[in-house]
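Structural overview
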Amino acid sequence: MVTVDVFNKYLKDQIMEIIDSDKKVKHSKLCEGVESAITDKKYVTGVDTSQVDMCYPAIIQSGGNYSLKFSAVTDKNTLHFGSIICILGVRYKSYCSNIARTLLVNPSEAVQANYNFLLNLEEEVLKKLQHGVKLCDVYETGLSYVKKEKPALVEHMTKNFGFAMGIEFREGSLTIQAKTMAKAKKGMVFNVNIGFQSLTNKEATDKEGKTYALFIADTVMVNDGVAASVITVSKKKIKNIGIFLKDDEDEEENDEEKENTPKPELVGRGKRTAVIESKLRSEHTSEEKRKEHQKELAIALNEKAKERLAKQGGAKDVEKVRKNTISYKNFNQMPRVPEVKELKLYVDQKYETVILPVYGIPVPFHISTIKNISQSVEGDYTYLRINFFHPGSTMGKNEGGTYQQPDATFVKEVTYRSTNTKEPGEISPPSSNLNTAFRLIKEVQRKFKTREQEEREKEDLVKQDTLVLSQNKGNPKLKDLYIRPNIVTKRMTGSLEAHSNGFRYTSVRGDKVDILYNNIKNAFFQPCDGEMIILLHFHLKHAIMFGKKKHVDVQFYTEVGEITTDLGKHQHMHDRDDLAAEQSERELRHKLKTAFKSFCEKVESMTKQEIEFDTPFRELGFPGAPYRSTVLLQPTSGCLVNLTEWPPFVITLEDVELLHFERVQFHLKNFDMVFVFKDYGRRTAMVNAIPMNMLDHVKEWLNSCDIRYAEGVQSLNWAKIMKTITDDPDGFFESGGWTFLDPESDEENQAAEEDSEAEDEVYEPSDVDSFSEESEEDSEYSEGDTEEDDDDESNSDESLASDEESGKDWSDLEREAAEEDRERGDYRGEDFAGKNRKGAPPSSSRDKHKSKHSSKHGSSRDKHNSSRESQSSRDRDKRKDRHNSHSRHSSGSKNSHHSKKESPSKDKHRDRKRSRDSSGDKHRSKRSRK
């Protein structure tokens with residue numbers, strides 16, 4: 001229908017883009033775009049656009065101003081993101097059709113409930129609208145339904161429920177209302193339109209959203225004995241017309257306000273950790289909630305599994321008994337050929353039997369009893385060795401059948417020898433019989449194994465229904481598709497068409513593959529966003545046979561752009577050819593996506609939602625290696641899939657019992673994930689090499705899907721575990737069931753924490769302890785020192801403190817001392833030494849101060865210099881001594897700031913010792929002068 005195409009492909013997409021981009025667009029502007037779109041082949045396909053016309057100007061209403069009439073005129077107000085009503089009527093080849101839909105942006109629970117009730121009301125009206133039913137009775141059915149379910153909406157309901165339409169848009173005499181006594185007839189076309197207006201949305205935050213309306217309309221055809229069939233098939237459930245937006249900035253602002261409001265004002269250093277503590281608390285809470293939910297799932301898991309296994313306990317799988325192969329049922333079927341009479345080796349290809357001479361008697365052996373044969377030539381003789389299957393030999397799967405009489409005597413091997421020399425008069429040497437037998441046995445054996453394999457493939461095949469072909473030319477169809485797996489070795493294109501009860505894929509060579517709707521377990525549509533192919537994938541309940549193999553997964557795809565890139569071509573960002581290729585690829589992607597999406601929607605509507613195409617959530621995907629290569633695993637609403645690479649990986653979550661994460665250690669980069677299915681006889685599935693940083697992401701997704709998971713450090717032998725469970729399921733669940741996968745109990749964790757706390761209390765490393773020990777050593781070492789040394793140290797400390805408080809550095813002090821010396825004019829060494837002792841800090845104390853505040857290397861060097869100068873101070877004149885002391889103190893003052901932080905306590909001990917030595921030298925020099 002043209003109306004559906006224009007609404008779905010243009011109008012709905014336009015409104016979605018406007019809402020996403022938060023633009024301001026007027027109603028009238030949108031209506032102008034609709035009128036131009038009805039003749040655009042981009043939106044209207046499969047019809048003659050020259051014969052398409054509007055029944056009336058398109059109507060778009062929002063923002064509280066609603067008139068649920070087809071005579072309403074669209075205003076010039078801006079589109080409001082609340083309840084948006086779109087009404088569209090199109091005439092094609094003089095016949096009319098009409099559709100109306102309501103788009104809801106962030107609807108409240110009450111609005112959603114009213115809309116769902118409106119859909120149910122339309123279903124009730126369509127059920128009643130049948131051949132021979134009066135239109136007034138149809139109206140009364142809908143009215144009584146509203147009075148019974150929601151009587152408050154009666155006064156808000158439209159006055160009638162629609163009208164008949166055809167060449168005339170509205171037949172006034174055939175209106176679905178209380179006074180119309182005319183009867184509906186089979187083949188009549190009606191436009192059923194029902195709505196509620198002047199409804200109040202109490203949760204709306206703006207004035208325009210307080211008042212809203214709901215309106216739906218469909219073009220339907222009357223049937224005999226069944227409900228009227230909808231012609232304008234367009235999805236109208238709340239999940240299809242509801243637009244749910246989340247404003248991240250607003251949410252963050254609200255969260256910040258909520259966090260900041262109730263908290264008392266913090267002062268000082270506590271304010272720094274306020275945000276960090278709240279963040280850690282919230283994260284801890286979410287983790288705790290996840291653990292609590294997993295504990296609940298674990299309890300429910302064991303109970304459900306125990307009940308399921310108890311029900312399945314009585315039913316045992318019946319083993320299929322293979323038919324025993326027999327060469328000949330009676331002696332008359334034995335071939336009458338000269339080779340048998342002459343006791344030569346003979347291969348009967350019809351009955352797949354080899355006749356061998358044993359002790360002068362021709363004995364038939366079926367080809368299934370022969371394990372292998374070998375031929376060798378040694379000298380003048382040819383040897384043919386035939387090995388048979390027998391009890392105790394290594395047998396392949398399903399080879400050789402079962403032995404009905406295992407206690408009988410079996411032939412293990414037979415060897416024949418024949419000469420290669422040709423006697424006179426013979427056409428060929430005797431060994432030619434062995435050569436011919438060897439070649440024929442190999443050929444028959446190959447044919448038998450191929451046929452047996454095909455029979456085994458067909459053994460567990462479920463017989464499918466016959467595909468009912470629909471002769472309607474409007475069947476949904478996609479062309480130029482490839483199929484995976486290939487029907488033959490060479491890849492071929494074909495077309496996929498939807499019929500009454502299934503799909504049929506027809507290749508260009510004429511091969512046909514039928515997929516019935518009732519055999520489809522999951523249907524997927526993966527668009528070409530971020531991929532080089534766009535595809536439809538069907539995961540089947542029962543395998544189907546094509547290409548001489550059975551398949552559970554069938555995929556139809558087409559390539560988007562070039563899979564390979566020409567590396568030899570010189571590429572430039574402004575190359576016109578590259579820009580044109582990119583533009584054409586973008587257009588191709590959009591075209592293919594639109595075609596595939598339209599195909600899926602038509603199939604869903606045609607099957608009445610029996611087939612629903614699921615699209616993977618790419619943003620929730622995570623890398624993993626289910627087979628050999630690492631791929632992107634993408635969750636869907638009910639599965640975990642990877643459809644791009646082949647073979648595909650499809651896990652249905654409803655079949656999964658639990659998941660186990662293996663090798664979860666923080667020093668490892670990857671971990672593994674094991675799927676355990678509810679059918680314990682089914683082999684577990686495994687995904688390897690998942691990055692460790694995706695662990696929380698995967699856990700959160702599984703927890704939201706109500707799937708139990710556990711984690712461990714080691715990799716488990718799941719084949720043995722599942723065999724143990726299936727052998728004794730009662731004992732397994734009595735011993736705790738799946739709780740053996742849980743990590744250590746909480747009590748053990750608490751005990752470990754207490755032990756670690758005790759260790760922390762016993763061991764208290766700190767710099768204070770080491771410093772105290774060294775200080776004690778210093779005190780012991782300084783017991784023998786003189787009181788004069790202590791006095792010097794105290795005086796030097798006091799003088800340092802006074803100098804630092806006055807704000808004068810050593811250069812200023814030296815300059816003042818030099819001026820005083822010039823005024824006196826006395827430059828004798830003794831007077832200078834005495835003045836130095838009275839007016840300025842002595843050299844030893846200054847050196848000691850410098851040694852305290854210098855770095856390791858500089859301090860040791862300066863201390864050594866200070867001790868030398870103290871010893872030779874009597875031999876130097878006054879200026880030279882002052883110059884050296886000035887240079888020493890200036891260098892010490894530069895490094896004083898860093899040396900306070902860097903010099904350890906041991907260096908202090910050495911500094912004190914050296915300062916004592918220097919003071920001792922000073923006293924010795926005094927005594928020598930005396």
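Residues numbered from 1 in each chain as written. Predicted model: local features only at pLDDT ≥ 70, side-chain atom pairs only at ≥ 80, totals over all residues. Heavy atoms only, no water.

**What about unusual backbone geometry?**
As a reminder, the rule being used: Each helix is a run of DSSP H or I of at least 4 residues and each strand a run of E of at least 2, with the numbering of both proceeding from the N terminus.
Cis geometry is adopted by the peptide bond preceding Pro 485, which originates at Arg 484 and carries an omega value of -5°. Mapping Pro 485 onto the fold places it in the loop between strand E17 (477-484) and strand E18 (493-498). The omega torsion across Trp 646 and Pro 647 is 5°, close enough to zero to call that bond cis. The backbone phi angle of Ser 94 is positive, close to 75°, even though this residue is not glycine. Tracing the backbone through its elements, the reader meets Ser 94 in the loop between strand E3 (83-92) and strand E4 (95-105). The backbone of Asp 706 sits at a positive phi, close to 60°, despite the residue not being glycine. As for its position among the elements, Asp 706 is in the loop between helix H11 (695-704) and strand E32 (709-711).

**A short note on helix H12 (residues 718-727)**
The α-helix winds at 3.6 residues per turn, so residues separated by three or four positions along the chain end up facing the same way. To keep it simple, the criterion reads: Burial classes follow relative accessibility: with a 1.4 Å probe on protein chains only, a residue under 20% of its type's maximum area counts as buried, one over 50% as exposed, and anything between as partly exposed. Taken from the helix axis, the directions to the C-beta atoms give the arc we talk about. By definition, residues are in contact when any of their heavy atoms lie within 4.5 Å.
Of the positions making up H12, those classed as buried are Trp 718, Ile 721, Met 722 and Ile 725. Taken down its axis, H12 places every buried residue within 95° of arc, on the same side. With respect to the buried face of H12, the exposed residues turned more than 90 degrees away are Ala 719, Lys 720, Lys 723, Thr 724 and Asp 727. In this fold, the buried residues of H12 make contact with strand E29 (656-662), strand E30 (670-677) and helix H13 (729-734).

**Some points on the pattern of salt bridges**
We count it as follows: Throughout this description, the term salt bridge denotes a Lys or Arg side-chain nitrogen within 4 Å of a carboxyl oxygen of Asp or Glu.
This structure, assessed with the given rule, holds 22 salt bridges. A salt bridge links Glu 122 to Lys 236; its shortest N-O distance comes to 2.7 Å. Taken as a pair, Glu 122 in helix H3 (residues 109-128) and Lys 236 in the loop between strand E9 (229-230) and helix H5 (238-241) lie far apart in primary sequence, 114 residues in all. Lys 593 is the partner of Asp 529 in a salt bridge, and the nearest nitrogen-oxygen pair spans 2.8 Å. With Asp 529 in the loop between strand E21 (520-526) and strand E22 (533-546) and Lys 593 in helix H10 (residues 576-606), this pair connects stretches of sequence that are 64 residues apart. The partly exposed category is assigned to Asp 529, whose relative accessible area is 41%. You can call Lys 593 partly exposed: its relative accessible area is 29%. Among the charged side chains, a salt-bridge network with shared partners connects Arg 101, Glu 122, Asp 218 and Lys 236.

**Observations regarding the sheet that holds strand E12 (residues 353-358)**
Sheet strands associate in pairs through backbone hydrogen bonding, adopting either a parallel or an antiparallel arrangement. Note the threshold: Should DSSP find at least two bridges between two strands, the strands are regarded as paired. The angle between two axes is taken between their N-to-C directions and runs from 0 to 180 degrees, where each axis is a line fitted to C-alpha atoms and a helix contributes only its stretch in contact.
Here we have 3 strands laid out as an open sheet, ordered E11-E12-E13, and antiparallel in their pairing. Because the sheet does not close on itself, it has two edges, and the strands there are strand E11 (346-348) and strand E13 (361-366). Neighbour-to-neighbour, the strand axes of this sheet turn through a mean angle of 30°, independent of strand direction. Direction of pairing for E12 relative to E13: antiparallel, over a ladder of 6 bridges. The residue bridging Leu 356 from the neighbouring strand is Val 363, located in E13.

**Details of the packing of aromatic side chains**
Test applied: Centres within 6.5 Å are what make two rings of Phe, Tyr or Trp a pair, Trp counting through its six-membered ring; a difference in plane orientation under 30 degrees is then read as stacked, over 60 as edge-to-face, and the rest as tilted. Distance and angle both matter: a charge sits over a ring if NZ of Lys or CZ of Arg is within 6 Å of the ring centre and within 35 degrees of the ring normal.
The tally for this structure, following the rule as stated, stands at 29 aromatic pairs. Measuring from centroid to centroid gives 6.3 Å for Phe 70 and Phe 215, while their planes differ by 50°, and the two rings are tilted. One end of the pair, Phe 70, is in the loop between strand E2 (59-61) and E3; the other, Phe 215, is in strand E8 (residues 211-221), with 145 residues separating them in the sequence. For the pair formed by Phe 70 and Phe 215, the shared burial category is buried. Centroid distance Tyr 505 to Phe 556: 5.1 Å. Interplanar angle 40°. Geometry classified as tilted. Of this pair, Tyr 505 sits in strand E19 (residues 502-507) while Phe 556 sits in strand E23 (residues 549-559), placing them 51 residues apart in sequence. Each residue in the set Phe 503, Tyr 505, Tyr 517, Phe 538, Phe 556, Phe 599 and Phe 613 is aromatic and connected to the rest through ring pairs, giving one cluster. Over the ring of Tyr 381 we find Arg 417; its NZ or CZ atom is 4.2 Å from the centre of that ring. Taking NZ or CZ as reference, Arg 484 lies 4.8 Å from the ring centre of Tyr 557, over its face.

**What about the packing of helix H1 (residues 2-21) against helix H2 (residues 27-37)?**
We count it as follows: An angle below 35 degrees is read as roughly parallel, one above 145 as roughly antiparallel, one from 65 to 115 as roughly perpendicular, and any other as oblique. By definition, turning the near helix anticlockwise from the far helix through less than a right angle yields a left-handed crossing, and turning it clockwise yields a right-handed one.
Where H1 meets H2, the axes come as close as 10 Å, and the angle between the chain directions of the two elements is 150°. Judged by the angle between their axes, H1 and H2 are roughly antiparallel. Here H1 and H2 pass one another in a crossing that is right-handed. In this structure, H1 uses Val 6, Tyr 10, Leu 11, Gln 14, Ile 15 and Ile 18 to contact H2, whose residues at the interface are Leu 30, Gly 33, Val 34 and Ala 37.

**Thoughts on the sheet that holds E19**
The sheet built from 8 strands is open, its strands ordered E20-E19-E18-E17-E23-E22-E21-E24 with mixed pairing. Here the strands that pair on one side only, and so sit at the sheet edges, are strand E20 (512-516) and strand E24 (613-614). Pairing between E21 and E22: 6 bridges, direction antiparallel. Along E22, the bridge assignment pairs Asn 522 with His 539.

**Examining H11**
The set of residues buried in H11 consists of Leu 695, Val 698, Lys 699, Trp 701, Leu 702 and Asn 703. Asp 706 sits one or two positions beyond H11 and adopts a positive phi of about 60°.

**Details of the nonpolar core**
What counts is decided by this rule: Take the buried Ala, Val, Leu, Ile, Met, Phe, Trp, Tyr and Cys residues and link them wherever side-chain atoms come within 4.5 Å; each set so joined is a nonpolar core.
Judged by nonpolar contacts, the single largest core of 67 residues is most densely connected at Ile 15, Ile 84, Leu 129 and Phe 190. If you tally residues by element for this core, the top one is H1, at 9 residues. Here Phe 190 is in contact with Leu 129, Leu 135, Phe 163, Ala 164, Met 165, Leu 174, Ile 176, Ala 184, Asp 218, Thr 219, Val 220 and Val 222, once residues within four sequence places are set aside. The next biggest cluster of nonpolar side chains, apart from the first, holds 31 residues, and it includes Ile 483, Ile 534, Leu 592 and Cys 600.

**Quick look at the side chain of His 366**
Which entries qualify depends on this criterion: For this analysis, a polar contact is any N or O atom pair within 3.5 Å, provided that within protein one partner can donate a hydrogen and the other can accept it, and provided that sequence-adjacent residues contribute only side-chain to side-chain pairs.
Among the secondary structure elements, His 366 is positioned in strand E13. Engagement of the side chain of His 366 in a polar contact is seen with the side chain of Ser 368, the distance being 3.0 Å. Residues within four places of His 366 in sequence aside, it is in contact with Thr 325, Ile 326, Ser 327, Tyr 351, Glu 352, Thr 353 and Phe 448.

**Re the pairing of E3**
With 8 of 10 residues buried, E3 lies mostly within the body of the structure. With 3 bridges connecting them, strand E1 (residues 52-54) and E3 associate as antiparallel partners. Opposite Val 52, over in E3, you have Tyr 92 as the bridge partner. Bridge count for E2 against E3 is 3 bridges, and the pairing is antiparallel. The partner of Gln 61 across the bridge, within E3, is Ile 85.

**Considerations on the confidence of the model for the chain**
Our working rule: Residue-level confidence of the predictor, termed pLDDT, takes values from 0 up to 100.
Scored by pLDDT, the chain has a mean of 76; 72% of the residues are at 70 or more. Note on residues 248-279: pLDDT is under 50 here. Beyond four places in sequence and across chains, it has 7 contacts. Ignoring residues within four places in sequence, the model shows residues 826-930, a span with pLDDT below 50, making 104 contacts including any to other chains.

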